[in-house]
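Chain residues, written in single-letter form:
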Amino acid sequence: MTQVALVTGGQRGIGLGIARALIKAGFHVAMAARSAPDDPSVTEALAELGPMARYFRHDMQEVAAVPSLLDAVEADLGPVTTLISNAGVPARVRGDMLDITPENFDFVLDVNLRGAFFLAQEVARRMLAQPSDHYQSIHFVTSVSATMVSVERAEYCISKAAAAMMAQTFAVRLAPHGIGVFELRPGIIETGMTAGVKDKYTARIEGGLVPAARWGQPADIGSVIVPLATGRAVFATGAAIPVDGGLSIPRL
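The following paragraphs examine the structure supplied in this document. All figures in this text were calculated on a predicted structure; none of them were measured in a lab.

## With respect to the environment of Glu155
Okay, step 1: The residue Glu155 is located in helix H5 (residues 154-174) in this model.
Okay, step 2: On the basis of relative accessibility, which here comes to 2%, the residue Glu155 falls in the buried class.
Okay, step 3: Linking Glu155 and Gly216, residues 61 residues apart in sequence, is a C-alpha distance of 23 Å.
Okay, step 4: Aside from chain neighbours lying at most four places away, what touches Glu155 is Ala91, Arg92, Val93, Ile100, Asn104, Phe105, Val108 and Leu109.

Written out as C-alpha cells, the structure is:
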C-alpha cells in the first residue's frame, strides 16, 4: 500500500516545503487548496514535485465538500495515511483588536479552526475504518502564536491557540488506535504570507528576537514532519513541537 499524504495549502510556502520533504521520503502527495488548478502556484508546484504529486481544489470553509475531496484523493492515489493540516489564513487587517469585525473574525476561525477540524475528523474516521500497513498520522501546523500574543492580529492568535487544543483532543482520541497526532508551531518563516512584514522582522531578527539569528524556511518544517510521519516518534503522540529557532523560549 502506498503512503499518501494530504497536505492542505501544499502548493506554496510552508505546505510546499512539507510536500517536497515527504516526496523525497517516498510519499505520494495530494495538495489541496482553494486556488484554481491553473493558478501559477499550482502549476509550478506540480512541475517541480513531479509525478508523485497531485492537486485537488478544496476550500477549507466548505466543510460539506470534505468527503468529496477525500473520495477524489482515494480514487487517484489511495487512502490518506498522513494528513498535514497546514492551510491557514492571516488576519485580514492588522490593527487594534478592539476594531476587529465579526466578519473578519469568522473568516479566520472558519479556515484555521473549523475547516481544519472537520477535515481531520473525516480523515480520522476513514483511518479507523480502513487501517493501513503504514503508520497513520495527523499533523496540525499551528504557530508560535498559539501561545505568543500579537494584539494586532488577535483573531489569528485565538485560532491557533484553539487549534493547539484541537491537536490535543485528536491525539487522545486516536492514541488507542496507534494513530499519531502532532502539532508543529512554526515561528517567523519566510513565505508569501510574511512578505509584507519582511523588513520589520528582519530588523528584529538582527536585533536578537530569534536566537538562531535567521528567518525560518519552509524546509525547516518539512525536515521535522518526515520523522513524525514515518513513525519514528510513535510514543510522542500529542507533542507540540516549536519550529522557530528558539523564538518561543522565555528569556530574561
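## Some points on the packing of aromatic side chains
Okay, step 1: A complete count under the given rule lists 3 aromatic pairs for this structure.
Okay, step 2: Between the aromatic rings of Phe117 and Phe118, the centroid separation amounts to 5.0 Å while the plane-to-plane angle is 85 degrees, which identifies the pairing as edge-to-face.
Okay, step 3: On the basis of relative accessibility, which here comes to 28%, the residue Phe117 falls in the partly exposed class.
Okay, step 4: What makes Phe118 partly exposed here is its relative accessible area of 32%.
Okay, step 5: Summarising the aromatic geometry, the rings of Phe117 and Phe170 are spaced 5.4 Å apart at their centres and angled 50 degrees between planes, so their arrangement reads as tilted. In this pair, Phe117 is assigned in helix H4 (residues 102-129) and Phe170 in helix H5, connecting sequence segments 53 residues apart.
Okay, step 6: Note that Arg92 overlies the ring of Phe107, its terminal NZ or CZ placed 3.9 Å from the centroid.

## What about empty space enclosed by the protein?
Okay, step 1: A full pass over the atoms with the stated rule returns 2 cavities of 30 Å³ or more.
Okay, step 2: Of the voids in this model, the largest cavity is the one considered here, and its volume is about 90 Å³.
Okay, step 3: Looking at the lining of the largest cavity, the elements with two or more residues in it are helix H3 (66-76) and H4.
Okay, step 4: When residues in the lining of the largest cavity are grouped by element, the largest group, 3 residues, is from H4.
Okay, step 5: The residue inventory of the lining of the largest cavity, partitioned by class, reads 5 nonpolar, 4 polar and 2 charged.
Okay, step 6: In this structure, the second largest cavity occupies an estimated 60 Å³ of space.
Okay, step 7: What lines the second largest cavity is Ser85, Asn86, Ala87, Asn112, Ala116, Phe140, Val141, Thr142, Lys160, Ala163 and Met166.
Okay, step 8: If you list the elements that add at least two residues to the lining of the second largest cavity, you get H4, strand E5 (137-141) and H5.

Reading guide: rules and limits
Residues numbered from 1 in each chain as written. Predicted model: local features only at pLDDT ≥ 70, side-chain atom pairs only at ≥ 80, totals over all residues. Heavy atoms only, no water. Helix = DSSP H or I, 4+ residues; strand = E, 2+ residues; numbered from the N terminus. Buried < 20%, exposed > 50% of the residue type's maximum accessible area, 1.4 Å probe, protein only. Contact = heavy atoms within 4.5 Å. Phe/Tyr/Trp six-rings, centres within 6.5 Å; stacked < 30°, edge-to-face > 60°. Lys NZ or Arg CZ within 6 Å of the ring centre and 35° of its normal. 1 Å grid on protein atoms, 1.4 Å probe; cavity = no way out; pocket = protein on both sides within 12 Å on 5 of 7 lines; lining within 4 Å. Points joined across faces, edges and corners; volume = space filled by probe spheres on them. Nonpolar A, V, L, I, M, F, W, Y, C, P; charged D, E, K, R; others polar.

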